[in-house]
Amino acid sequence: MYDPSVVSYSRLLELFWERLGDSRHLLNQVGNDRGTQYRHGIYWLTEGQKEEAEASMAAAKELALVQAGKTIYTECKASTTKPGKPFTSIRLTECRMKQ
């Protein structure tokens with residue numbers, strides 16, 4: 001669960017780009033794993049996080065275009081997760097509802 005007193009949202013964004021690496025240029029793919037379940041994204045809960053996320057995305061897109069002539073396929077949108085609810089329980093609930 002995200003705790004802003006432990007790590008800032010801007011630090012999470014830095015780590016996200018570092019860890020994602022070249023997969024940021026792949027649509028619905030991370031490494032050799034493919035499919036919509038491998039879509040990567042940045043999600044925000046507050047307006048402040050939205051501003052940071054959009055600025056981070058814009059900087060990453062500019063850098064990718066200038067340095068490699070590539071596009072970034074990472075999605076950037078509002079989170080549908082409620083604060084304090086573990087992500088895995090949400091995903092399991094969504095999967096059960098689809099069956």
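Residues numbered from 1 in each chain as written. Predicted model: local features only at pLDDT ≥ 70, side-chain atom pairs only at ≥ 80, totals over all residues. Heavy atoms only, no water.

Caption draft 1: Spatial organisation of helix 2 (residues 47-68). Here helix 2 spans 31 Å end to end across 22 residues, near enough to the 32 Å set by a 1.5 Å rise per residue. For helix 2, every residue scored as buried is listed here: Gln49, Ala53, Ser56, Met57, Ala60 and Ala64. Projected down its long axis, helix 2 shows its buried positions confined to an angular sector of 100°, all on one face. The exposed residues of helix 2 that point more than 90 degrees off its buried face are Glu47, Glu51, Leu65 and Val66. Residues of helix 2 that are buried make contact with helix 1 (9-20), strand 3 (41-44) and strand 4 (75-78). Directly after helix 2, the chain includes Gly69, whose backbone phi takes a positive value near 65°. (Helix = DSSP H or I, 4+ residues; strand = E, 2+ residues; numbered from the N terminus. Expected span 1.5 Å × (residues − 1). Buried < 20%, exposed > 50% of the residue type's maximum accessible area, 1.4 Å probe, protein only. Arc of directions from axis to C-beta. Contact = heavy atoms within 4.5 Å.)

Caption draft 2: Broad picture of the nonpolar core. One finds Tyr9, Leu13, Phe16, Trp17, Leu20, Ile42, Trp44, Ala53, Met57, Ala60, Ala64 and Ile72 forming the largest nonpolar core, which totals twelve residues. Listed by contribution, the elements that provide at least two residues to this core are helix 1, strand 3 and helix 2. Top element by residues in this core is helix 1. It accounts for five residues. Residues contacting Ala64, with those up to four places away along its chain left out, are His25, Gly69, Lys70 and Ile72. (Core = buried A, V, L, I, M, F, W, Y, C linked by side-chain atoms within 4.5 Å.)

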